[in-house]
Every structure is written in C-alpha cells, then in structure tokens.
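# Residue-level structure breakdown
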Amino acid sequence: MCGIIAYIGNEPALPRLMEGLRRMEYRGYDSAGVALLDSPSLWVRKDVGRVEALASRVKDGPTAVVGIAHTRWATHGGITERNAHPHTDQGTRIAVVHNGIVENMSSLKRMLAAEGVQFRSETDTEVIPHLIRRHYKGDPVQAVIDTVGMLRGTYGIAVLFADHPDVLVAARNGSPLVVGLGDGETIVASDPQAIIAHTRRVIYLQDREVVTITRDGANVCKLDGSEVGRQPELIDQDYELAELQGFPHFMLKEIHEQSESIERAIRGRLQLDEGNAKLGGLEMSPRDLRHIARIVNIGCGTSYHAGLVASMAIEDLARVPARSEIASEFRHRNPIIPPDALFFAISQSGETLDTLGAVQEVMIKGGHVMGVINVVGSTIARACGKGVYVYSGPEIAVASTKAFTSQVTALLVFTLMLARTRNLSLEEGQRVARALSAVPGRVREYLEAPGPIQKAAEIIAKARYVQFLGRGYSYPVALEGALKLKEIAYIPSEGYPAGEMKHGPIAMLEKGTPVVLVAPRGSQRDKAISNLKEVQARGAFTILVHSAGDDELADMADVSIAVPETEEFVSPLLTVLPLQLIAYEVAKLLDRDIDKPRNLAKSVTVE
Ligand code: M6R
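Residues numbered from 1 in each chain as written. Predicted model: local features only at pLDDT ≥ 70, side-chain atom pairs only at ≥ 80, totals over all residues. Heavy atoms only, no water.

## Considerations on the site of the ligand
The immediate surroundings of the ligand are formed by 15 residues, with Ser-303, Ser-347, Ser-349, Thr-352 and Glu-487 found nearest. One nitrogen or oxygen atom from the main chain of Thr-302 is found 3.1 Å from an oxygen atom belonging to the ligand. Taken by itself the ligand offers 420 Å² of open surface, and the protein chains cover 91% of this. Partitioning the shell around the ligand into residue classes produces five nonpolar, eight polar and two charged. Each of domain 2 (245–448) and domain 3 (449–595) contributes no fewer than three residues to the shell around the ligand. (Near = heavy atom within 4 Å. Polar contact = N/O pair within 3.5 Å; in protein donor to acceptor, adjacent residues only side chain to side chain. Areas by Shrake-Rupley, 256 points an atom, 1.4 Å probe, with all protein chains shown as cover. Nonpolar A, V, L, I, M, F, W, Y, C, P; charged D, E, K, R; others polar. Domains from an automatic or database assignment.)

## Here we look at the domain arrangement of the chain
Along its sequence, the chain is carved into domain 1 (2–234), domain 2 (245–448) and domain 3 (449–595). Spacing between the C-alpha centres of domain 2 and domain 3 amounts to 24 Å. At the interface, 37 residues of domain 2 touch 33 residues of domain 3. At the boundary of domain 2 and domain 3, one finds one salt bridge. (Contact = heavy atoms within 4.5 Å. Salt bridge = Lys/Arg side-chain N within 4 Å of Asp/Glu carboxyl O.)

## Here's the deal with the packing of helix α9 (residues 301–318) against helix α13 (residues 402–420)
The interhelical angle for the contact between α9 and α13, taken along N-to-C directions, is 20 degrees, at an axis separation of 9 Å. Regarding the angle of α9 to α13, the classification is roughly parallel. Once α9 is placed against α13, the crossing between them reads as right-handed. Listed contacts from α13 to Thr-302, Ser-303, His-305, Ala-306, Val-309, Ala-310, Ala-313, Ile-314, Leu-317 and Ala-318 of α9 are Phe-404, Gln-407, Val-408, Leu-411, Leu-412, Phe-414, Thr-415, Leu-418 and Ala-419. Class assignment for the residues of the contact of α9 with α13 results in 14 nonpolar, five polar and no charged. (Axes fitted to C-alpha atoms, helices over the stretch in contact; angles between N-to-C directions. Helix = DSSP H or I, 4+ residues; strand = E, 2+ residues; numbered from the N terminus. Parallel < 35°, antiparallel > 145°, perpendicular 65-115°, else oblique. Left-handed = near helix turned anticlockwise from the far one by under 90°.)

## A few points about unusual backbone geometry
The omega torsion of the bond from Ser-39 to Pro-40 falls at 10 degrees, within 30 degrees of zero and hence cis. Inspection of the secondary structure assignment puts Pro-40 in the loop between β2 (31–38) and β3 (41–48). Here the bond from His-85 into Pro-86 is cis, since omega is 0 degrees, no more than 30 degrees from zero. Position of Pro-86 relative to the elements: it lies in the loop between β4 (66–72) and β5 (87–88). Positive phi values are uncommon outside glycine, yet Asp-591 reaches one of about 60 degrees. Judged by relative accessible area, Asp-591 falls into the exposed class, the value being 70%. (Buried < 20%, exposed > 50% of the residue type's maximum accessible area, 1.4 Å probe, protein only.)

## Let's talk about the nonpolar core
Counting residues in hydrophobic clusters, the biggest one holds 93 residues, and the most contacted among them are Ile-295, Phe-344 and Phe-414. Setting aside its immediate chain neighbours within four residues, Phe-414 contacts Leu-279, Leu-282, Leu-289, Ile-292, Ile-295, Ile-314, Leu-342 and Phe-344. (Core = buried A, V, L, I, M, F, W, Y, C linked by side-chain atoms within 4.5 Å.)

## Description of the pattern of salt bridges
Two side chains that carry opposite charge are able to pair once their charged atoms sit near each other. In this structure the tally under the stated criterion is 35 salt bridges. Note that Asp-47 is salt-bridged to Arg-57, the shortest N-O span being 3.7 Å. Placement of the pair is Asp-47 in strand β3 and Arg-57 in helix α2 (residues 51–58), with a sequence separation of 10 residues. Take Asp-47: its relative accessible area is 15%, and that puts it in the buried class. With relative accessibility at 40%, the residue Arg-57 sits in the partly exposed group. A salt bridge links Arg-331 to Asp-354, with the shortest nitrogen-to-oxygen separation between them at 2.9 Å. You can see Arg-331 sitting in the loop between α10 (327–330) and β19 (341–347) and its partner Asp-354 sitting in helix α11 (residues 353–364), a full 23 residues away along the chain. Residue class for Asp-354 comes out buried when judged on its relative accessible area of 11%.

## Structural notes on the packing of aromatic side chains
Evaluation of the coordinates by the stated rule reveals four aromatic pairs. Judged by centre distance (4.8 Å) and plane angle (80 degrees), the ring pair of Phe-344 and Phe-414 falls under edge-to-face. Taken together, the residues Phe-344 in strand β19 and Phe-414 in helix α13 connect sequence positions 70 residues apart. As far as burial versus exposure is concerned, Phe-344 and Phe-414 are alike and both buried. Judged by centre distance (6.0 Å) and plane angle (45 degrees), the ring pair of Tyr-389 and Tyr-391 falls under tilted. What makes Tyr-391 partly exposed here is its relative accessible area of 38%. One residue, Lys-109, lies across the ring of Phe-119, its end atom 5.0 Å from the ring centre. The positively charged end of Arg-598 is found above the aromatic ring belonging to Tyr-490, 3.9 Å away from the centroid. (Phe/Tyr/Trp six-rings, centres within 6.5 Å; stacked < 30°, edge-to-face > 60°. Lys NZ or Arg CZ within 6 Å of the ring centre and 35° of its normal.)

## Describing the sheet that holds strand β23 (residues 493–497)
One open sheet accounts for five strands, arranged β23-β22-β24-β25-β26; its pairing is parallel. Here the strands that pair on one side only, and so sit at the sheet edges, are β23 and β26 (559–563). Sheet twist, expressed as the mean angle between neighbouring strand axes with direction ignored, is 15 degrees. Alignment of strand β22 (residues 466–470) against β23, held across five bridges, turns out to be parallel. Directly across from Leu-469, in β23, lies its bridge partner Tyr-496. (Pairing = 2+ DSSP bridges.)

Encoded structure:
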C-alpha cells in the first residue's frame, strides 16, 4: 500500500525520486520521505502529509545521484515523522524503504533490543535496517539476503548503503517491484508509473528475489545467491503515463474515459456474426468451457461488485450456477473448491493481498483459477497464469470507476462464450454480442448529457445518511453507488436490494432522507417502482435512475436521471455512471480530497 522508489544514475536523484513519488502517491499518502547518499553520509528527510509537503522541505537538498524514497500508508505506528520511511540503522549508514508487513516484528525487535538496539519508531520496518547492519560484513547483497531470510510476511524493500555509493539493493516477497533499465541510470519502483517516463525496458522482480542495481543495469538473484539471469521486457506502448489532461481530478477523467475503456475490453473479442466471443488468455476450447459446472467470482470492494453483476449474467444467460465471494472471507473459511468449478480472481491492481490469498487457497486445493485483471504483469495475473486482461488503462483515483465497467464488460464477454456452449442459440448470441458492442456508444451518449447530477448532489451533500436501492442487476450498482459516496464524500450510505429495504433499512428514513433508486427497464422495473412509492410514503427525497424513454417514470421522483436504454444484462454499465458522477460532485461540493480520500490507498496489500 506504500510506494517505494530507488534511483541510481548520473542525474540528480532528488528530482527523479520526487517525480516518482508524485506518480505513486495514490498507493499511500499519509507521509513521505527520502534518503540520499551525500557522500560520505546519508541525508534523510521525512514529513507527514502529502508528497508536496516533503517536496517543499527538500527543495534545496543535495545533488546526489543515488537515493531512495517512500510514500506511506500507515500500518504499524501512527502517522508521524518518526514512523515515516526511510528508516535507518543506529549509525545512519544504512537506509531502507519498505512496502509490506513484517509479521514477526515482535520477536525480531526483542532479539535486537537484547543486543542493544534502540528503536526510534513504532514501525515493523525499522527492524530491517538494524538486521542488515547486524549481518553486514562488507557485502551489501549478502547482508540483505541474510536479513530477508529472517523476515516473515511481505516486503518490497530498497536499501541504500553509505559505504557503497555505486550500488542499491532491493528485494521482494509479496509486494510488487519493477526495475527500469535506462541509459546510464536504473530505477526500482513499486509501480511502472514511476518509471515509464524514463524507460520502458523493465524487469519484474519475483517473490524471494534480490536485485543489485547499478547505473549500468541490474542483477537478479535468488535467496541462495544463485543468479536468475532474467531478460528485460518492454512495457507496451499502449500502457500510458497517467496525466490529468486538463481534468481537475483523475476520478472525473477516468469516468469520462469509460466509453473507450469498455471498447478496449471488447475489442477483438466479440464475434458479431457468430454471436460468440473469444478470450484468448483463457486458453479454453468450447469443449473445456462445456465442462465447467459452476463459476465463482472472487474480489474485494468494487471488484466484488463487478463479480456480483457477472454472476447474475452467467446464471441468466448461460444457466451455469455462479456466485460471488468477498476474498477476505472466502480465503479464511476453508472453502470448498469443487474440481469442476472455474474461479475468477477479479482485481484492478492485481496486488490485493486478500484476493491473492484467495487465489492461493484455490490453487492449494487443486482448483482452477484465472485472473480478471487490469494491471498487466501484476502479482495476481502472474499467480493465475491465465485469464483476462480488462485493459482499462492506468486507474489512478483511489475510487475505482472505469475498472468496474471494464471488469463487468470482460466478464460479460466470457458469459457470452460460456452461454454459447450451452443453450444460447445463434440468434440469441448475436443479440447479446450486439448489445455489448453498443455499450461504448451508449456510455458516450450518456456522458455528453448526464442529466440533473448537480441537483442530486446538492441534496446529498447536505444529508446525514443516504440509501441506495436496486433489484436484480441494479442491486450491485446500488452497492457500488453507496461505496463511492462513502469513500470519497464520507457520507454514511448503504446499498440494499430494494425488496429487502422494508426488512430493516426503511427505519432509517425520515423526511428528506435521500434515497437513490436504480430502476432501468427490465424484469424488475415494476417491483422497484413499488419500492419507490414505499420510500416516498415515508417522506424520502427520491433520486431515480431510469431508462431514457420510460416516460412514466420521468416525473415520478424528485430528481430523475435517464440513461440510454440497453438490454437488461448490460444495464449496470450505464446505470452506474450517474452514481459515479453524483459521488464525484458531492465530494467536490464538500471540498474533499477526491483522488486521495482519507485513510484509503489504491492497492491494498495488507490483510
Ligand atoms: O485492485 P483491486 O480491484 O483488487 O481492489 C479492490 C478494492 O480495494 C477496490 O475496489 C476498492 O474497493 C476501491 N477503492 C473502490 O473504489
């Protein structure tokens, strides 16, 4: 959940490190720090708050050409300067930045304290520089190998040695690290975003590997010291450097990118004439698909919601039993893994620890698991080996928007393939394929004229509580709308199946409570409207998301937002858009930090 970067080259390291931190700040943003090799000593500066706070503090820093830096999401110890990284050994000759959790920190601390080490922070990370010092006998790489051999838990670390000005050492286990090989410079970072402005030649470090970097390249070895000899790969030109491009926030930019990102999720995959689809990454023939007896979608947060939509579509269109699971629950309850089931691990980042844990649990029990992932080459994508990339492009705002619609789209493409191996006819398959291929145009159409979002936002911004309701395919959309609002506007809100509302949540309503009801045309529309009447009878202020042209509904609520009409199974791709926009506009009215909401981080690499 933290971002780490290390630089060695011929240019001043500080500007490079600060630029890298800014690009990775979405990974964690409660404090930041930097260490430079200002020979013969280490120059270390940290600050609480955003990277910009650190930037103003270090602007006159040394012009050193080697350094490491960190942006933190606190796990062990409060948000203080002392707890910010880098952490150093007692003599400040070794500095470490770390992403992950040292699970055996208590026993290591006890051991080090008994040897006379005085700890200066409450972090788990601080044991690492002290352990490296303990093992250091002149060889920096061996000292790191010996140290990580004692750590339990997860780590991505970069280590700077005052005594070795021409070398940096990094290691990973469970936390991502990518090495960028430039011209006379080498960069290690948690995320390619911090690297690609300088080079696209990279090496992805694997778990339990250590890399020695110099300005001329990188040398990867295993924990037994044996060389790995991995060849660099080129990051695809399609992978862009995320820039605001005139938008005030990444979230708004990403909402508006959805017609293109959905298009990328279906491009080259739909076969309109055959009423079918092909997902090459699954490496499954129709016969293989025919043998799947059930589907289980696993994810966290928004990715879990995408799985809920997909599960409904799979049962609806393919008539294959499907369900969705929250990864953190699934992995710890000794789940049953039927050999004829296909599991999908859904994750934007591909780094979510709970989802990775669920993948490992499925694998240990001999199950069949594939990824539905956005970040190419990420840990879950690699762990699964096979799967579907959703290609939504870098998603920087902590609140997920375009990843959700791309995940749903990719899984609907899969649903079509699966359904065609069962009872879906050619004509029905063509209808499904046409409905999917029409979505990018419908999304564009809606975003060009999104309706009375501002009016809804002004009411919600004053509310103490908001209820989101939907039935069938609109139920996961209601969950997603409530999650977005909580996440970036901090307004208590909950999503409920509209029919379940009268079994409890209706007690929350009082005169003027905003209720957002998602009721596009389809099998559940009329029942949802009955629920609208019920909440109106209790004085709720109603905001209705409905299908354009459904004139009967246009005047039924206090605010009516029309989305282009689609087939029911693709409706979440449209109905979620106004909810994303409402959350964004409410957060703006309340002057929230939209792209970096409090307490959160983009990629959740802790349990
Ligand atoms: O990277 P992942 O898709 O695995 O992340 C899962 C959740 O942490 C994520 O969707 C989270 O709920 C978002 N911040 C929601 O906007």
